[in-house]
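Here is how the chains run, residue by residue.
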Amino acid sequence: MLSEVDIRDFDKQPVTPLFSVKPKSYIQMPNTGVVFYFDHIDGMYSYCLDMFGDPIHLVAWIDVIPLVKKTD
């Protein structure tokens, strides 16, 4: 569940359109800092989950910050 993810365990990547992000990864909204789990693109929208596990459908071309797990 997203609420159990520590954002400090991730590196922020440059802002990119959502359709360019690897599916089944975490993303952060540039303006608000809200984090979502990005599952996949479905047509012109995406299937994402918020921290409560509720589905969110962002447009596929929205700019996001991909989060990549830090390597030790």
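Residues numbered from 1 in each chain as written. Predicted model: local features only at pLDDT ≥ 70, side-chain atom pairs only at ≥ 80, totals over all residues. Heavy atoms only, no water.

Brief notes about the overall build of the protein
No. 1: Looking only at helices and strands, the protein features zero helices and seven strands.
No. 2: When the helices and strands of the protein are placed in sequence order, the string is β-β-β-β-β-β-β.
No. 3: Taking 2.2 N^0.38 as the reference for a compact globule, 72 residues should give roughly 11 Å; the C-alpha atoms of the protein span a radius of gyration of 11 Å, in line with that estimate.
No. 4: In terms of principal-axis extent, the alpha carbons of the protein reach across some 35 × 25 × 20 Å. (Helix = DSSP H or I, 4+ residues; strand = E, 2+ residues; numbered from the N terminus. Rg over C-alpha atoms; globule rule 2.2 N^0.38 Å.)

A short note on the environment of Trp61
No. 1: Note on placement: Trp61 falls in the loop between β6 (55-56) and β7 (63-69).
No. 2: With 42 residues separating them along the chain, Trp61 and Phe19 place their C-alpha atoms 6.1 Å apart.
No. 3: Leave out the neighbours within four places in its chain, and Trp61 touches Pro17, Phe19 and Met44. (Contact = heavy atoms within 4.5 Å.)

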